[in-house]
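What follows is the residue order along each chain.
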Amino acid sequence: MRRTLYLIAGFASLVLAAFGVVLPLLPTVPFVILAAFCFARSSPKLERRLLDHRIFGPHILRWRERGAISRKGKRAALVAFAVSAVVALVLSPLPWSLIPLAAAAIGGTWIWRRPEA
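Residues numbered from 1 in each chain as written. Predicted model: local features only at pLDDT ≥ 70, side-chain atom pairs only at ≥ 80, totals over all residues. Heavy atoms only, no water.

1. Looking at helix α2 (residues 29-40)
In a regular helix each residue adds 1.5 Å, so twelve residues correspond to 16 Å; α2 covers 16 Å between its end C-alpha atoms and thus fits that length. Phe31, Val32, Ile33, Ala35, Ala36, Cys38 and Phe39 are the residues of α2 that are buried. Here the buried face of α2 lies against α1 (2-22), α3 (44-51) and α4 (56-66). (Helix = DSSP H or I, 4+ residues; strand = E, 2+ residues; numbered from the N terminus. Expected span 1.5 Å × (residues − 1). Buried < 20%, exposed > 50% of the residue type's maximum accessible area, 1.4 Å probe, protein only. Contact = heavy atoms within 4.5 Å.)

2. Some points on the packing of helix α5 (residues 71-91) against helix α6 (residues 98-113)
Packing of α5 against α6 brings their axes to within 8 Å, and their N-to-C directions diverge by 170 degrees. For the element pair α5 / α6, the angle class is roughly antiparallel. On α6, the residues touching Lys74, Ala77, Leu78, Phe81, Ala85, Ala88 and Leu89 of α5 are Leu98, Pro100, Leu101, Ala104, Gly107, Gly108, Ile111 and Trp112. (Axes fitted to C-alpha atoms, helices over the stretch in contact; angles between N-to-C directions. Parallel < 35°, antiparallel > 145°, perpendicular 65-115°, else oblique.)

3. Some details on the nonpolar core
If you look at soluble globular proteins, the nonpolar side chains tend to sit buried side by side. Counting residues in hydrophobic clusters, the biggest one holds eleven residues: Ala17, Phe31, Val32, Ile33, Ala35, Ala36, Phe39, Leu50, Leu51, Phe56 and Ile60. Going through the elements one at a time, α2, α3 and α4 are the ones with two or more residues in this core. A total of six residues in this core trace back to one element, the largest contributor, which is α2. Excluding its chain neighbours within four sequence positions, the residues that come into contact with alanine 35 are Gly10, Ser13, Leu14 and Leu50. (Core = buried A, V, L, I, M, F, W, Y, C linked by side-chain atoms within 4.5 Å.)

Read these as geometric descriptors, not functional statements.
Given below as structure tokens:
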């Protein structure tokens, strides 16, 4: 049962990652890393396919080995956080607009402090 749940979660993560390719505010690589985590517990064959992927494989391996994020990835994440925080400040009334701002500050700080690949 647990293996099936991890398999479903892995495929759901890949679907979200696919949406992230076309939606600028939805991250792609974190969902691919999550899918690799789930597939490691449910399907080693699918995990291997992700690790061997020419684009996502290096990101997964860097994360697993050192918890590292590339500088380009950090910049992209921080830009996405900034854009979403500005949109929230413009479109949402106070105090609700402060929630995305706080999330962007906390998440952005955590991402920036990760080791670089």
